[in-house]
Structure formats: structure tokens, C-alpha cells
Amino acid sequence: MSTEDPQAAQDFHHQFDKVWGNPRGLLALTIVNHTTIGLRFLITGGVFFLIGGLLAMLIRTQLALPGHDLLTPEIYNQVFTMHGTIMMFLFAVPVMEGLAIYLIPKMIGARDLVFPRLSAFGYWCYLFGGIILTFSLVLEIAPASGWFMYAPLSSSVFSPGRGSDFWLLGITFVEISAVSAGVELVVSIMRTRTQRMALQHMPLFVWYILAMALMIVFGFPPLILGSILLELERAAGLPFFTVASGGDPILWQHLFWLFGHPEVYILFLPAAGIISTIIPIFCKRPIAGYRWIVLAIITTGFISFGLWVHHMFTVGIPHLAQAFFSAASMMVAIPTAIQVFAWLATIWNGRPVYEPPMLWALGFLFIFVAGGLTGVMLALVPFDWQVHDTHFVVAHFHFVLVGGMLFPLMAGIYYWLPHFSGRMVNRSRARWGFWLVFIGFNLTFIVMHVTGLLGMPRRVYTYEAGLGWDIPNLISSVGSFIMAAGVATCLLDIFLHFRFGERAKRNPWGADTLEWSTSLPPSAYNFATLPECATRHPLWDTPDLQTTIEQGHHDLATIDHGRRETWGSDPVTGKVREIVHLPGNSWLPFYGALATAGVCISLLCKFYWVALAMALVSLALLLRWSWENGAHPRAAPNAEVVEGDPPLHSRTHDGPGLWGMMVTLLANSSLFLSLLFGWFYLWTVAPAWQFPEHNPINWLALMLTGVPLTIAVIWFVGVVRRLRRELTDHLQQHLWGISALGLVHLIGLVATLSASPLTPQASAHDAVISVMLWYQLLHSGLAVILTALQALRVRKGYVGKMAPYEPVVVERWWVYTAGVFWIIYAVVIVLPPLWELA
Amino acid sequence: MRWCTPLVWLSTLGLIGGCSGPQSALEPAGPAADIIAWLWWGMFAFFTLVLLVMTGLWLYAMQRRGEPAKAEDAERITSRWIIGGGLILPLISIAILLAAGIPAGQYLITLPSDKTPLRIDAHAHRWWWEFSYPDAGITTASQLTIPVNTPIAIHGHTDNVIHAFWVPRLGGKIDLIPGRVNTLRLQASQTGLMRGQCAEFCGTGHAHMVFQVQVLSESDFAAWQQRQQQAIRVAAEHEPAVQTFHTHCAQCHSVRGVSNGSGGPDLSGIASRPLMLLPHQRHTSTSIEQWLQTPHPRFDSETRAATSALTPSARERIAAWLETLTE
């Protein structure tokens, strides 16, 4: 449909609005649209930033003078723990995700993210988890063992209150949101780019977010596992980190930093992506060294998983290993330097202009390079022995995080504000805000390096006069208040601009990427029609793209079928393969997150039966959500498409759901690998680890339960293979059979488990085995339920020859479940006696 | 930014002028701390140069006037910057750093010397330090006494949470972890007093987990050691105090030749030690009496439980006796 007639154009957009538009009032809780969800993430993250900043001000006030008694040590420990926790988990990660959620579909020419209900679910989990965590601060029972929660300080012996539980449960809850956003962003970028947007045409920001999302998928599960283990130790006495029972507190440090170091790059990469987006725009020329930068992003992603031990140089690890991690940590300077010099080359080649975003980018450069350089210093092992856990480190990582994340974020916010609001900011107020933050920041944190070198340790609530720490601390405190004034100025500027800012004209900065071809602010569907994009600079090549998109000159212009649609394309070439139909607004994500919050709160209150009931409710809600897919009347009962268009994704064998499952299983396997790491680590390193004389698990019984599982998987694979050849006779009976066979395996597993004399509270050995088997139970149980549901769906006619795509997704779950089973069998039953023999 | 950058750095340099302090890593008093301080100054000079050049380049690039570069020039400039600045510069810097850092680390771990090292066991409690000299059979609390120019082998352990042993003027730190013994080599090259502190967050009393380091000449150290090995003779006037002490305190506190308690700090040299929350002052009978009357509610719940039964006169007696216990 194409139209030049204004009345017809209005009708055209009115029709789109009917399908895509956001409801108001209470129904706004059902919105799943990425633009709204992205903005909600950004605003909520901003609120948490203010809370975290307030805590920082308390810290600086307390430390401004020696012997200051504004805060007691109990409160101070809660304050610095929550400052770090809020800034990392409730501000930095969610805000970056929010920006990505808002921008990615617009940059790749899609109308929404590929799993809209998951975006909404992630947001609610984040909001509820954040509220629960912050509430502990109001009750003065916040976690107080540091954002790193080192065992055994965080254990029930040394932190008997509920503080650590708030942290462990709340953060795990928030991380559900991070991982779901990670999965969704990966699949959206790989599978829903517009026609002909090949990998090499993706804007650099999309590359950065792809790397960030994959790193979240691999990097968060170790901490999720660690938190589960520590909470099990606290609540149920399973001694994973207790030396006397064969555990080891250092295992916690490994799991924490296996997450913690990639986390730094999870924050830095999207920030660098903002810089790589902005600099070319304000220099009016393409980024220098696109390929170099892509290579640098990928290298950073890989190296960042091999550095975590540099947080542990003082725990007594052999020097050779320290030297290895020292060299690896320094290596990360190379991809970073490549990006810095690529930006420099871009500026050198172009004619830059000083707009507010560019100012923040310049501030970023100075602070981040300084922070990177002190980072290289800290990677030098002997120097680290001296300044580890001092204020030097505090100064260093504030340079890296504020310089490497907050400054680029501010640059990005100023850059995309016209997109959010359709208005421009006031340049002079923006400059004031920048300079106050920049000067305040440097005053606070440059001096703090000196404080650290003078010997002031971190996390002390006070210090005595006469150690040479008084003046530098006072300067830091004064600086921090200047910085706070700068933040307030920026906020004021942003607030006022929504009301008084002058209207932005189309593409106000003269940008090159697709997000600026939407209307300002954008409609819920972004693009009325989806343009082809076989270039990195669509708006520079075709300046009137916005007009032709609005007039309906491009693809997917029909809407009378009432489906929300976007392109599904080839992951490499971007060639369109199918139409992805997306679910509309729904209460299910909100209710699902509410039930999950119920689980979290009942665990905190130690109402374990309520928690179990709540967990079942949330499972039921999530299954209900998965029910409304495919040919279900609320999804896409009618598969008709316009002549010449590809089929709907639910009518193919390779929809985005398959990709979603694969990426989820990557995250899941990262969790399982962390558990295996824990097993081998305790086995080889824990000082008091012991194998019992007889393995508490009966090897024959466990093997026998694996037989029906393995047959079920082979059977399922066969069924899917026939389905791919469109052979669907007795499909329903096959699925029932497989589910029943899985049930036999499940019953066998429960019987084996309950018959074995496991004493998980007495030994770390039994505790780890128990967790492995519970993990197996969960997976087998889900496989059985999902297969039974598939059988029901075949009966209902939602799945079958014409809609074959869901069994393919469930197949992967079965294969994974069986793989996990035999790996557990090998490491628990087979390896220990072999080891004894050797 | 142009005017601001040098200003900020100047003020920093001014501060570094005052880099001394009882716990300053920049005022080294031993070979290990010396090497680390040198590493720091070297890296500081080099990296400051890198930062200034980088910032200068950016500012220059921002201000440059004239025509934008032509396509083929741009290509050439890009590869020159990326290969020169992004690959060669960091590779060379890393190579130099590792060439200095890895041997330095190896040297610090072994700290080679002709003398056999003196072994001292550091036991971290919540929140105080216990030091014992297994060869001489001495135990002290919150005060570490060592001979000058002699290698010291600290064997650190703990049975509660993780702590870290750190005397910045002598060298780096080492974590004390339940279930393990970690060792650290240190050596002092000058006599005098300095300060050590727990560096790993260990809970409420973390900020007060301080100890004093006393470096003595070798002959003074030998004399000190000898004094510490002799049993404390109780003067007749303090006999009643010692009796009360046996009833209420001796289960946890040992005093050489008087009691053999465990769990609390050894009190044999208490009058030579700094106060927990006021490290500039030495213990006197007044300060001890005060502590016995109101042990710190936050950091000393054990003493609080034991001393609530003491009468004022008993407190006074014990304090008067403890005041005589010097090292």
C-alpha cells in the first residue's frame, strides 16, 4: 500500500495504531511494546541511580572528617554494600539494557523485539526485585557484607540477619531480567533485521549490543549459581563454602568474579557503542576502521572471561598462575586501544562540532583512558599486592565505571533525547551540567588514588586523624558534592526540556542509522513499512527514507489481518525468510513476575510451602503464556499472507523460538558448567574435601533411570525428523508416549534420590551431588510437562503439519536434559573411582 | 577542559609531595615496599605521559581546521593510528611492564637473604591480631615486634572470616583464609614504629582492626625476646587483683606465668600497647578501668559479659595490676 493522499495516509496509520497502540490507565501494565518497556527501564534505572547516588553522598559525608560519627559501622556497611549493589545491578546493567531494548529494533529496521512478552516480564522482575532489595534499606536490615558478598562473612554464622538473604534472593530475581533481556536481544539481532541488512551492514552499536547480550548470557549464570548455593548454605545448611565440611570460601570468589569481571565489559561495551555511534555523526563522516572495531569487540568479549583471577591476586594463588592472569588482563588494553585510536582517527579525518553529546564523549575519553591506565597498573601483580583493597582501587574502578559507562550514557541520553521526546535540550544548561560533573568527578577520584597509596583501606567506616588521610578525604568529599550538583543540573535540564525544549526537526543531528527514520517521538510500530537496508548509512544514502516509509512504499504494508508483524531474516545475509508474528499486550508477564516476586518474598520470610506454591503458580502462568503461540486463536490462527511474501514463522521449522531456546540453553549450560566447576574445584582444592567410602548414589539404579530418558530423546528426535518431512500420522500419540516415558524416568530418579543415604548438610560432597540431581529433576520434569502440552496442542490443532515449529523447540530441551544426565553420571559415578585408580 | 586538566594534575602533584604517613606505601621502609614504590613511580610517570599525549591529540584533532581528509588519505591515517596506537603502543608497554613486573613479583615472593627468616604466625580474630613466635614461644596481641634487616616469614591464618595482613611500609598484603595458611615475606630496613591494618572487609570492626609494628635493632630485639620469655612476677600488693583475674578473666586471657586462657588477647604486655579505638595512646590504669566498666558495646561483647559481675573496687584492682604489665 502506498499513498500520497494525506487522508488515506492518516487512515493507514490509524489502522496500524489499532493493532500496535498502547492502552492507557490500568491496562498500561499489559504493554509489551519495546519502546515503552525500554523507556520504563531507563526511567526506573534513573531512579535507582539517584538512590545509589544518595548513598554515595552519605559515604562521602561520613569520610569527610576523621572519626566522623554520622553513621555507625552497621549502617555504614549497609550503605556501601547497597551503593555498589544498586549501582551495578539496579542502575548500570538495566539502563544499558533499557537503551538497547529501546534502540535495537529501530536500528535494525524491526517493529518490536522478537519476544515482547519477555521484555515486559524482564522489566517487572527488575522493578519488583529492585523494590524488594531497596526496601531492606528502609528497614535498616540491608545486606552489609559488601556487594561481593564474600563467604564466610556473608554466611549465617557471621551475618545472621536477613541482609544477605535480601541480596542473594533479590539479585537473583533481578538477574532473571538481565538474562531474559540478553536472550531476547541476541535473537532479535540475529533473526529480525530488515531485508538485506547483512552482518557487515549492522550499525556498530548493534554489534556492541550483540556482544553485550551474549556476555550476559554466559556471564550472569555463574553468579546466579553462586547465589543459589550460598542461599542454600544459609537457609538449609548445605556447606559449599564451609571448610570443615569439605567446602571452600574461595569457590564463592571464583564464581563471583567469573561473573564480576565480564560484568565490567558488559557495561563498557554498550557505552563504547554509544561513543562509536556519536563520534561519526558529529564529525560528519563514517567511523574509521569499522572492521577493526568489530574485531576489537569480539576480542574484548572473549578476553574478558579470562581475567577474573586478577581480583584474587592476594588469596595465595601460585605465582605462575598470577603471571598468566596478569598478562591476560593487560592484553585487554589492546582491543580497547584499537577503539580509542579508531575514534581519534574519525575525529582527525572529519570536522567535529561541539554539541552536548560530544562534550560528554570527550569527558569520557579523558576519564576512561586514565582509568584504563590505572587498570593496567593494577594488573601488575606486585603493585596489586600493595594497593589491592585500598582507595586506589576504589578510585580506579570509579574512573572506569563512571568514565566508561556514565559519561557515554549521558552522551547517549543527550543524543537520543530528541528521539524520546521530540524536543531539543538547552545547550547552555547542558554545558553547565557537564562541567560540574566533570570537575567534581576528577576532584573526588584523582585525589582518591593518593588516599589509597597513603594506605587507606576500602570499606572502613572511619579513620583516625594523623595518618595523612584527612585532607585527601576532605577534597574527595567536596568534589563529590560538586559532582552531585552537576547531576542535579543535568536532571533539571532533561526535565525542563520535556516541557520547554524546542521541537526537534527530522533527524536533528543528521544521523545515518535507521532509528532516526521513525517519527519523533516514535509510534509503537516504529515503521509503517519496513525498508530494505543493504548499507551502513541508510539515511545518508537515502535522506527521504522517512517519507517513503510513512507513505507505505516499503514492505509489510498490510495490517488488516490484525497481526503484529516484522521480518524474520537470515542471521548472516539478512535475506528475508519468514514473517515473524508477535504477540500483543498481555497481563501474563505482569502476573508472572508478581508470582515470582511472591516466591522471592516467601523465601525471605522463610515460608517455604508458600514459596513452593508461588513457584507453581508462576510456572503455570508461564506455561499459559507459552500456550498462546502458533496457531492459537490469540496468536495467528489464520496463516494467510500477501501474495509473494514469505510464510509466517509458526508455519516453518526454524522460527525465532528455536533460537530463543538455543540461547537460553547456552545460559543454562553456563550455569551447569559453573556447577561442574564447583564440583571439580572443591574436589581438587578444598582443604578438607573427602570422598565417602561408598558413593551414596546407587550406580545401577541411576543408570537404569537414564535408559527411559535416552529412549525418550531418541524417539523425540525421530518424531521431529518425520515432522520435518511432513509425516505427522499419530503425532499426538507419539508425544504422549514420549511424555509417559519421561515420567517413568522421573519416578525412577525420585526413587533413586530418596533411597540414597545422601547427607547434604554434613558434607560438601553430598551437597553438590544433591544440587546436580535436583537440577536434573527440574529439567526432566519440565521436559515431561512441555511434551504433554505439545500433545494437547496437537489435539487442539495448534501444532501439526501446517504449524510444525514448536516440537523442534522442545526437542532441544530433551537433548540438553539427556546430555546433562549423562555428564552428571560420568562426573559423580564414573570419575571418582577412576581417579582413585590413577 | 584545556585549562582544567593541568590544574587538576598540579593539585595532585602537590598532594603527592606529602606522601609520608605511618601507613603510606609511598614511604617504604623495606626492600619489598621499596620495589613496589619504584614500580609505582615508573608507571605513574609513563602513564601520565600517555594520558597527556592522548588528551592532547584528541583536543588537537577536535580543533584542527581545514578541509576534511580525502578518502584515500583517511584510509591511510586510520590504519596509521590504529596500528600504531591500538596495537604497537599497548604491546610495547605491556612487554616492558611484564618484563619488570614478573621478576619483581618473583623476588618479592622469595625475598632472598643469607639469614634464615624469622617465622611469625599471624592469627586474625574479629577484630584484633594475635602474633606468635613459635621458635621463641612468645605470643603478643595487636603489636608486632620484629628485628631490622632480618627476613620475616608471616604465616597467616584465621578461623572466622577472611582478613588480610598488611603493613604498607614493608610490602604487599596477603589474605588470611579459613582452612589455609598463607605466607608473606617481609623485611624492614629501618627501625621505628609503623602501622598495619586489616585490608579485607571483615565486618563491623573492620576499621579498627589495626596493629602497631615495632622494628627494633637486632640486639634490642634479642633483649625484647628474652623479656617476653620470662614469667611475670606478681608483686604482693597485686595478689588480690590476680585472684579476681583468675575468677573472671583467666579463662580467655593469658598472662605469662599467671594464666593460660585462650580466645581473648594475651595481656602480658598490655601496658605497652596502643588502645583499640585510640591508637595514639597507651593503656593506663584509667583506660583499662574504663574498658572494664563499659567494654565497647560493638566490638567487645565477650568482655562485656564477663565484666558485668565485677565490683568497682575489683575493676580498680585489676586495672592497677595490668598497668604494670609492660613488654
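Residues numbered from 1 in each chain as written. Chains lettered and ligands numbered in written order. Predicted model: local features only at pLDDT ≥ 70, side-chain atom pairs only at ≥ 80, totals over all residues. Heavy atoms only, no water.

Regarding its fold elements, chain B presents eight helices and 12 strands. Its C-alpha atoms give chain B a radius of gyration of 27 Å, more than 25% over the compact-globule value 20 Å for 327 residues. Summarising its shape, the C-alpha atoms of chain B cover approximately 95 × 45 × 35 Å along the three principal directions. Classification of the 327 residues of chain B by burial places 56% in the buried group. Put simply, 64% of the contacts in chain B that link residues at least 6 apart link residues at least 24 apart. A total of about 14,400 Å² of accessible surface is found on chain B, and carbon and sulfur atoms cover 57% of it. Taking the 23 positively charged and 24 negatively charged side chains of chain B as two groups, their mean positions are separated by 7 Å. (Helix = DSSP H or I, 4+ residues; strand = E, 2+ residues; numbered from the N terminus. Rg over C-alpha atoms; globule rule 2.2 N^0.38 Å. Buried < 20%, exposed > 50% of the residue type's maximum accessible area, 1.4 Å probe, protein only. Contact = heavy atoms within 4.5 Å. Areas by Shrake-Rupley, 256 points an atom, 1.4 Å probe, with all protein chains shown as cover. Lys, Arg positive; Asp, Glu negative; His and termini not counted. Charge placed at Lys NZ, Arg CZ, Asp CG, Glu CD.)

Next up on the list: the interface of chain A and chain B. Facing the 95 residues of chain A at the interface are 95 residues of chain B. Taking both sides of the interface into account, the surface hidden between chain A and chain B amounts to around 8,400 Å²; carbon and sulfur atoms contribute 74%. Contact with chain B buries surface across chain A, with A:Trp348, A:Arg351 and A:Gln386 losing the most and accounting together for 10% of the total. Here B:Arg180 ties to A:Asp248 by a salt bridge, and the two come within 2.1 Å at their closest N and O atoms. There are 18 residue pairs in polar contact (both at pLDDT 80 or more) connecting chain A and chain B. Ranked by the residues each element gives to the side of chain A that touches chain B, the list is headed by helix H10 (residues 333-349) of chain A, at 13 residues. In terms of residue class, the side of chain A that touches chain B is made up of 68 nonpolar, 18 polar and nine charged. (Buried area = accessible area lost by both parts, 1.4 Å probe. Salt bridge = Lys/Arg side-chain N within 4 Å of Asp/Glu carboxyl O. Polar contact = N/O pair within 3.5 Å; in protein donor to acceptor, adjacent residues only side chain to side chain. Nonpolar A, V, L, I, M, F, W, Y, C, P; charged D, E, K, R; others polar.)

Residue and element names in this part refer to chain B. As summarised here, the arrangement of the five strands in space is E3-E2-E1-E5-E8, forming an open sheet in which the pairing is mixed. The open sheet has two free edges, formed respectively by strand E3 (138-141) and strand E8 (182-186), since each of these has just one partner strand. On average, each strand axis in the sheet is tilted by 25 degrees relative to the strand beside it, whichever way the strands run. Pairing of strand E5 (residues 152-158) with E8 involves five bridges; the strand directions are antiparallel. Bridging from a neighbouring strand, isoleucine 152 pairs with leucine 186 of E8. The strands touched by helix H4 (residues 218-229) within the sheet are strand E1 (118-124), strand E2 (129-133) and E3, with E3 carrying the most contacts at an inclination of about 95 degrees. (Pairing = 2+ DSSP bridges. Axes fitted to C-alpha atoms, helices over the stretch in contact; angles between N-to-C directions.)

Mapped onto the present numbering, the UniProt feature "domain: Cytochrome oxidase subunit II copper A binding" (unreviewed entry) falls on residues 115-227 of chain B. Overall, residues 115-227 of chain B shows 9% helix and 48% strand. The separation of its end C-alpha atoms is 23 Å. (UniProt positions renumbered as here; feature names shortened; annotations may be inferred.)

UniProt annotation of "domain: Cytochrome oxidase subunit I profile" (unreviewed entry) refers to residues 14-534 of chain A when read in the numbering used here. Overall, residues 14-534 of chain A shows 68% helix and 0% strand. The separation of its end C-alpha atoms is 30 Å.

Relative placement of two packed helices is described by the angle separating their axes and the distance separating the axes. Residue and element names in this part refer to chain A. Running from amino to carboxyl end, helix H7 (residues 249-283) crosses helix H20 (residues 656-685) at an angle of 150 degrees, the nearest separation of the two axes being 11 Å. Compared by their axis directions, H7 and H20 come out roughly antiparallel. Both H7 and H20 take part in a crossing whose hand is right-handed. Contact with H7, carried on its side by Ile250, Leu251, His254 and Leu255, involves Ser674, Phe677, Gly678, Tyr681 and Leu682 of H20 and no other residues of that element. Split into classes, the residues belonging to the contact of H7 with H20 amount to six nonpolar, three polar and no charged. (Parallel < 35°, antiparallel > 145°, perpendicular 65-115°, else oblique. Left-handed = near helix turned anticlockwise from the far one by under 90°.)

Next up on the list: the packing of helix H13 (residues 391-421) of chain A against helix H14 (residues 427-453) of chain A. Residue and element names in this part refer to chain A. H14 packs onto H13 with a crossing angle of 165 degrees between their chain directions and a minimal axis gap of 8 Å. The pairing of H13 with H14 is recorded here as roughly antiparallel in orientation. Crossing geometry of H13 relative to H14 is assigned as left-handed. When the residues that make up the contact of H13 with H14 are grouped by side-chain class, the tally is 16 nonpolar, seven polar and no charged.

Here, the residues flagged by UniProt with the feature "domain: Heme-copper oxidase subunit III family profile" (unreviewed entry) are residues 576-833 of chain A. For residues 576-833 of chain A, the end-to-end C-alpha separation is 54 Å, with 70% helix and 3% strand making up the annotated structure.

Aromatic ring pairs are reported here in terms of the distance separating the ring centres and the angle at which the planes meet. Residues and elements named next belong to chain A. By the definition in use, this model includes 87 aromatic pairs over all chains. Seen from their ring centres, phenylalanine 48 and tyrosine 126 are 5.9 Å apart, and the 55 degrees between their planes marks the pair as tilted. Taken together, the residues span a long stretch of sequence, with phenylalanine 48 in helix H2 (residues 34-63) and tyrosine 126 in helix H4 (residues 116-138) at a distance of 78 residues. A single burial state applies to phenylalanine 48 and to tyrosine 126, both of which are buried. Aromatic rings pair up to connect Phe89, Trp147, Trp167, Phe220, Phe240, Phe241, Trp252, Phe256, Trp257 and Phe259 into one cluster. Above the ring of phenylalanine 500, the side-chain terminus of arginine 499 is found at 5.5 Å from the ring centroid. (Phe/Tyr/Trp six-rings, centres within 6.5 Å; stacked < 30°, edge-to-face > 60°. Lys NZ or Arg CZ within 6 Å of the ring centre and 35° of its normal.)

This part is about a nonpolar patch on the surface. Residues and elements named next belong to chain A. A contiguous nonpolar patch, built from Trp699, Leu700, Met703, Leu704, Val707, Ile711 and Trp822 and spanning about 650 Å² of accessible area, is present on the exposed surface. The element that contributes the greatest number of residues to the nonpolar patch is helix H21 (residues 699-724), accounting for six residues. Mapped onto the elements, methionine 703 comes out in helix H21. (Patch = residues over 30% accessible without salt bridge, like charges linked within 9 Å, V, L, I, M, F, W, Y side chains within 5 Å.)

A few words on the side chain of B:Gln214. Residues and elements named next belong to chain B. Within the secondary structure, glutamine 214 is located in strand E10 (residues 210-216). One polar contact links glutamine 214 to threonine 145, side chain to side chain, over a distance of 3.1 Å. In this structure glutamine 214 touches Gln143, Leu144, Thr145, Ile146, Gly192, Leu193 and Glu327, once residues within four positions along its chain are discounted.

For the rest of this paragraph, the subject is the domain arrangement of chain B. Along its sequence, chain B is carved into domain 1 (20-110) and domain 2 (236-322). Computed over C-alpha atoms, the centres of domain 1 of chain B and domain 2 of chain B are 54 Å apart. (Domains from an automatic or database assignment.)

The next thing to look at is the domain arrangement of chain A. Many structure descriptions define interface size as the accessible area lost when the parts assemble. Residues and elements named next belong to chain A. Domain annotation for chain A reports domain 1 (32-304 + 529-586 + 628-686) and domain 2 (690-838). The gap between the C-alpha centroids of domain 1 and domain 2 is 29 Å. With 38 residues of domain 1 in contact, the opposing surface of domain 2 contributes 38 residues. Counting across the interface, domain 1 meets domain 2 through zero salt bridges. Inspection of the domain 1/domain 2 interface yields nine residue pairs in polar contact (both at pLDDT 80 or more). Breaking the side of domain 1 that touches domain 2 down by element, the ones donating at least two residues are helix H6 (204-236) and H20. Ranked by residues supplied to the side of domain 1 that touches domain 2, first place goes to H20 with 16 residues. Among the residues making up the side of domain 1 that touches domain 2, the classes are represented as 21 nonpolar, 15 polar and two charged.

Next up on the list: the environment of A:Phe218. All names here are of chain A. Following the sequence through the fold, phenylalanine 218 ends up in helix H6. Placed 452 residues apart in sequence, phenylalanine 218 and serine 670 show a C-alpha to C-alpha distance of 5.7 Å. Other than its neighbours up to four places away in sequence, phenylalanine 218 contacts Phe305, Leu666 and Ser670.

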